[in-house]
Amino acid sequence: MTLKVIAFDADDTLFVNEPYFQETEHKFCALMSDYLSKQGLSQELFKTEIQNLDLYGYGIKGYTLSMIEAAMKISNNTISIEIIAKIIEYGKELLQKPIELLDGVEETLKALQGKYKLIVATKGDLKDQQSKLHRSGLGHYFHHIEVMSDKQELNYTKLLSRLEVNPNEFFMIGNSLKSDILPVLAIGGYAVHIPFHTTWEHEKISHNVEHENFKTLDKIKDVLPILLNN
C-alpha cells in the first residue's frame, strides 16, 4: 500500500452515537404508547425518517422533525402541543449528549499523527458534528474534517479529488459496512470495518463483504500494526 490519507468515520467509530438515538426512540415510544405498540411506533418512525432523508439529510435535527411528523401521522393530527414540545426537548437533549470516546481511539490517533494525513469523513448535521469533534478533544489530530451529505461512491470520489489523492492512497476506518466500507472499496480504496455493538437499521446490509482491500478488526487500535508497518 502507498497510503497518504487515513479517514475515520465519527459516530460509533470515534465516539458513542447510536445508543443515544435508541434511548430517544424508547422515550418517543413511551410518549406515544396510547396509539400503537412499541414495535408499531418504531416502524412508523423509521419509515418517516427514511422518507425524509432526501429532504433533511442525516442528523439530529432531521430526526427530531421526523419524530414530530410521525407523531402527527400516528395520532391522525390529534397530538397536543405539549407532546410536540416534549419531542423538541428530546431533540435538544440529543444535541447535548456527552461525548464518550471509544476504547483505543486517542491512542490510535496519537500513533498515526505525523505519519499520515488524518481526516474525519462522516455524515450528519454540520454544526452538530463540528460541535461533537470540538467537545471530544480530538480535533487537533485531524488535517481535514468532511461532513458529507451522504456516503456514496460519488461523495468519496469528490472528497479524494479535494484532497488530491488517488483511491489507492486512501484508507477508510468505520463501523458501517454500507457507508464506510462498500463505497470506498468500489472506487479502489482500502477499508477497515470496526463493528459497533449496535447499528442503525438503515446502515445494515444482508451480505458478507469479501475484498482484497478489506479487513474486519475487533478494535480500532488493531489498525496500528497494518498502518505502522506499511
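Scroll up to find the structure this text is about.
Visitor: Just to check I follow, could you spell out the overall build of the protein chain for this structure?
Guide: Along its length, the protein chain carries nine helices and six strands. In terms of C-alpha radius of gyration, the protein chain reaches 19 Å, essentially the compact-globule figure of 17 Å for 230 residues. Along the three orthogonal principal directions, the C-alpha set of the protein chain runs to about 60 × 35 × 30 Å. Long-range pairs, those at least 24 residues apart, make up 70% of the contacts in the protein chain between residues at least 6 apart in sequence. Charged side chains in the protein chain number 24 positive and 32 negative. The centres of these two groups are separated by 4 Å.

Visitor: It is not clear to me how the side chain of Ser136 should be interpreted in this structure. Could you clarify?
Guide: Tracing the sequence through the fold places Ser136 in helix H6 (residues 126-136). Residue classification places Ser136 among the buried residues on the basis of a relative accessible area of 11%. Polar side-chain contacts of Ser136 include one of 2.7 Å to the backbone oxygen of Leu133. Excluding residues within four positions of it along the chain, Ser136 makes contact with Phe15, Ile99 and Leu101.

Visitor: Before we go on, may I ask you to explain the pattern of salt bridges in this structure?
Guide: Pairs may arise between side chains of opposite charge once their charged atoms sit close together. Applying the stated criterion across every chain yields a total of 15 salt bridges. Of the charged contacts in the structure, one is a salt bridge between Asp9 and Lys151, with a shortest N-O distance of 3.0 Å. Taken together, the residues Asp9 in the loop between strand E1 (5-8) and helix H1 (18-31) and Lys151 in the loop between strand E3 (144-148) and helix H7 (153-163) connect sequence positions 142 residues apart. Each member of the pair, Asp9 as well as Lys151, is classed as buried. Note that Lys132 and Asp128 form a salt bridge whose closest N and O atoms lie 3.9 Å from each other. A residue pair is termed a helical-turn pair when its members lie 3 or 4 positions apart in one helix, as Lys132 and Asp128 do in helix H6 at four residues. Here Lys132 matches Asp128 in class, with each residue buried. Each of Glu23, Lys27, Glu93 and Lys97 takes part in salt bridges that share partners, so that together they form one network.

Visitor: Is there a simple way to explain empty space enclosed by the protein in this structure?
Guide: A water-sized probe, rolled over the atoms, reveals where empty space remains. Counted by the stated rule, this structure contains one cavity of 30 Å³ or more. It is H6 that provides the largest number of residues to the lining of the largest cavity, a total of three residues. Here the residues of the lining of the largest cavity are counted per class, giving eight nonpolar, one polar and four charged.

Visitor: Help me out: how do you make sense of the sheet that holds strand E5 (residues 190-193) in this one?
Guide: Hydrogen bonds between backbone groups are what pair the strands of a sheet, and the pairing can be parallel or antiparallel. Overall, parallel pairing links the six strands, which are arranged E3-E2-E1-E4-E5-E6 in an open sheet. Strands with a single pairing partner mark the edges of an open sheet, and in this sheet they are E3 and strand E6 (214-216). Looking at each pair of strands side by side, their axes are set apart by 20 degrees on average, direction ignored. Across five bridges, the pairing between strand E2 (residues 117-123) and E3 is parallel. When the bridges of E3 are listed, Thr122 appears paired with Val147. On the sheet, helix H8 (residues 177-186) packs against E2, strand E4 (170-174), E5 and E6 and is oriented at approximately 155 degrees with respect to E5.

What counts as what
Residues numbered from 1 in each chain as written. Predicted model: local features only at pLDDT ≥ 70, side-chain atom pairs only at ≥ 80, totals over all residues. Heavy atoms only, no water. Helix = DSSP H or I, 4+ residues; strand = E, 2+ residues; numbered from the N terminus. Rg over C-alpha atoms; globule rule 2.2 N^0.38 Å. Contact = heavy atoms within 4.5 Å. Lys, Arg positive; Asp, Glu negative; His and termini not counted. Charge placed at Lys NZ, Arg CZ, Asp CG, Glu CD. Buried < 20%, exposed > 50% of the residue type's maximum accessible area, 1.4 Å probe, protein only. Polar contact = N/O pair within 3.5 Å; in protein donor to acceptor, adjacent residues only side chain to side chain. Salt bridge = Lys/Arg side-chain N within 4 Å of Asp/Glu carboxyl O. 1 Å grid on protein atoms, 1.4 Å probe; cavity = no way out; pocket = protein on both sides within 12 Å on 5 of 7 lines; lining within 4 Å. Points joined across faces, edges and corners; volume = space filled by probe spheres on them. Nonpolar A, V, L, I, M, F, W, Y, C, P; charged D, E, K, R; others polar. Pairing = 2+ DSSP bridges. Axes fitted to C-alpha atoms, helices over the stretch in contact; angles between N-to-C directions.

These figures capture arrangement, not role.
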